[in-house]
Structures are given as C-alpha cells and as structure tokens.
Amino acid sequence: MCRVWRVLCLSLICLFLPLAALAGTTVITQCGQVVKGRAELAANLDCTTYDGRAITVERGRLKLNGFTVTGNPNLVALGCQNAVIDCLRRCKVIGPGTVTNGGLANCNVGAVDAGGGIVSDLTVTGNLGDGISSARKIVNSLITNNGRDGVANTGNVIKIQKSVISGNARDGVRGVSSTGAKLIETTVTNNNGYGVFIGGLKKIRLRRGSVVTGNGAGGGPCDDGSGGSAPCVDLFSRRMPTVDASSICETSLDRDLLVPWGVCSLD
C-alpha cells in the first residue's frame, strides 16, 4: 500500500512541476511590454509602427521560441536608446528566433542590447544599426547584413562561440573599450570594416577552427565610422592576436603602430 501511494505522489509531482515552471513565465503579447524575470514569445511580434522598444527585459530570460521580432527602423522617441530587444541589466536572450528591422544608422545600440548578458541561437539581420551590443557571450548565432557593426559596444572580454558574423556594413566585432575577444569555432567574414577591432590591452584569440578572413572592402583606409586612416584588416588590436593551428586569418595590424602583427597569412 505504501508503495502504491509513493508511486502516486511521485506521479503528481511530475505532473505539476512543469505547470509550476510555466507559472513564472510572462508571454509577450504586445509591443512595449516590460518584463522582470522570465518571458517568452508565442507568436511573431511586429512593431514596425511602434515608437519604442519592442521588448524590455530586466534581470531575466527571454525565449523567442522560433518567432521573429520586427522593430521600427524610424524609431525617434527614444533617440539612440533604440534597441528592439533591450536588457536593462544582465539577462539571456535565447532563440531560435530572429530580430530584424530595427536600429538607427548613427547609433551604437544594437537591435539586441544584451545589457552585459548572453545571447544564444539567434539570427540578427537587416537592422539599420548594429546587430548585437553589450553582450559578454554570444553562442550559436548568425549576425549578418546589419547597417553598422555586427557586434558592438562590448565591455571586458567578449566570448563568441559557434557563430557567424558576416556582411555587416562596418566592423564584424567592434569593442572600443573592450579588454579582449575570444572566438571559438566562429567565422567573421565579408564585413565592410575591420573583422575584429579591440581597443583594450588584452588579446584577440582565435580558437578551434575560427575563421576571420575577407573583411575590409578594398583594403584602403577603413570606412568603419571611426575617422581613422588605418587600412581595414581582419584583426586590429593593441596586443598581438593569438591564432591556434586550426584557425585562419589573413591580415592583422597593431592599432598603435599600424604595422602588421605577423600572425596571419597575408601579413
């Protein structure tokens, strides 16, 4: 008899645990929604006519569940604080899902402003401004064809893993105040400006088959919005990048001396 009751109790616990987990999750149903904690999409969210952030998350986790969030490319009410998805503090933005049609071309806030948090399994494409800003970690994401930098405005060391950053109008990864970047199984290619630009004193590191090639259209003075006269290269940093034997790069340059580091095949 005791055994029967034990089995029954365990079955009831297993039944109610998923319900309890869902109880703390907010479903995003309208543009401009502000969420603290966990949130998720149950349908596409079209905010092309909404003059504000599509979604704001504070200290939580947002799951896109395979849906698309479409921003307003003519956003004016918030000026440069114009992320499509905005994390006010560290949070996670998790796909699969797509973020598109957001951002102003003269602002350095990405369509996804991660607030120092983590982005995974997202496609961020077709935004007038940067793709992703203020992320400390990006995993398994595609960041392509955005009007400014693919990944921008990073702080400390940013880690990018199993991702592709390509075809952005300026730099692939731009961290003016960053202390470093670590790319693992990541490809940065065919961006118009620098492939990876890091302004801090730590290194750019390429690991486990990362590829940083073909960046800097024309190879002349880099038209990345910085006003500098340095030629566009794949790796541009204040300390010599490190490239493991399974990774590839073509050109690198010392940011201060403007001489090749000598770590890439075309240096």
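Structure: above.
Right, let's walk through the structure included here. A quick note: this is a predicted structure, and the numbers were derived from the prediction, not measured. (Residues numbered from 1 in each chain as written. Predicted model: local features only at pLDDT ≥ 70, side-chain atom pairs only at ≥ 80, totals over all residues. Heavy atoms only, no water.)

Looking now at the nonpolar core. One finds Ile55, Leu62, Leu64, Val69, Val93, Ile138 and Val196 to be the most contacted residues of the largest nonpolar core, which totals 44 residues. When residues no more than four places from it in sequence are discounted, the contact partners of Leu64 are Leu41, Val69, Ile85, Val93, Ile94, Pro96, Gly97, Thr98, Val99 and Leu122. In this structure, Tyr194, Phe197, Val233 and Phe236 belong to the second largest nonpolar core, which totals eight residues. (Core = buried A, V, L, I, M, F, W, Y, C linked by side-chain atoms within 4.5 Å. Buried < 20%, exposed > 50% of the residue type's maximum accessible area, 1.4 Å probe, protein only. Contact = heavy atoms within 4.5 Å.)

A separate point is unusual backbone geometry. Where the residue is not glycine, phi is negative for most of them; where a peptide bond is considered, it is trans in most cases. With an omega of 10°, the peptide bond running from Gly95 to Pro96 counts as cis. For Pro96, the location among the structural elements is in strand β7 (residues 92-100). Although it is not a glycine, Arg59 sits at a positive phi angle of roughly 45°. For Asn101, which is not glycine, the phi dihedral falls at a positive 70°. Inspection of the secondary structure assignment puts Asn101 in the loop between β7 and β8 (112-113). (Helix = DSSP H or I, 4+ residues; strand = E, 2+ residues; numbered from the N terminus.)

On to the environment of Lys159, then. Tracing the backbone through its elements, the reader meets Lys159 in strand β14 (residues 157-161). Overall, the relative accessible area of 29% leaves Lys159 in the partly exposed class. Along the primary structure Lys159 and Leu183 are separated by 24 residues, whereas in three dimensions their C-alpha atoms are 6.0 Å apart. Once residues lying within four places of it in the same chain are set aside, the contact partners of Lys159 are Arg136, Lys137, Ile138, Lys182 and Ile184.

Moving on to the state of the cysteines. Within this structure, the stated rule accounts for three disulfides. What pairs with Cys87 in a disulfide is Cys91, and their sulfur atoms sit 1.9 Å apart. Classification of Cys91 by relative accessible area gives buried; the value is 4%. (Disulfide = S-S within 2.5 Å.)

All right, on to the pattern of salt bridges then. Taken as a whole and judged by the stated rule, the model has seven salt bridges. Among the salt bridges present, the one from Asp171 reaches Arg174, with a minimum N-O distance of 2.9 Å. Of the residues examined, Asp171 reaches a relative accessible area of 0% and is grouped as buried. The residue Arg238 makes a salt bridge to Asp256 at a minimum N-O spacing of 3.4 Å. Remark: Asp256 occurs in the segment after β25 (252-254) and Arg238 occurs in the loop between β22 (235-237) and β23 (242-243); sequence separation between them is 18 residues. (Salt bridge = Lys/Arg side-chain N within 4 Å of Asp/Glu carboxyl O.)

Let us now look at the pairing of strand β2 (residues 33-41). Consecutive residues of a regular strand have side chains that alternate between opposite faces of the sheet. Pairing between strand β1 (residues 25-28) and β2: four bridges, direction parallel. Across the sheet, the residue bridging to Thr25 is Arg38, located in β2. (Pairing = 2+ DSSP bridges.)

The next thing to look at is the packing of aromatic side chains. Evaluation of the coordinates by the stated rule reveals three aromatic pairs. For the pair Tyr194 and Phe236, a centre-to-centre distance of 4.4 Å together with 5° between the ring planes defines the contact as stacked. Taken together, the residues Tyr194 in the loop between β18 (187-189) and β19 (196-198) and Phe236 in strand β22 connect sequence positions 42 residues apart. Note on Phe236: relative accessible area 4%, which makes it buried. Ring centres of Phe197 and Phe236 lie 5.2 Å apart, and the angle between their planes is 45°; this geometry places the pair in the tilted category. (Phe/Tyr/Trp six-rings, centres within 6.5 Å; stacked < 30°, edge-to-face > 60°.)

Interpretation note: all reported values are geometric properties and have no functional meaning in isolation.
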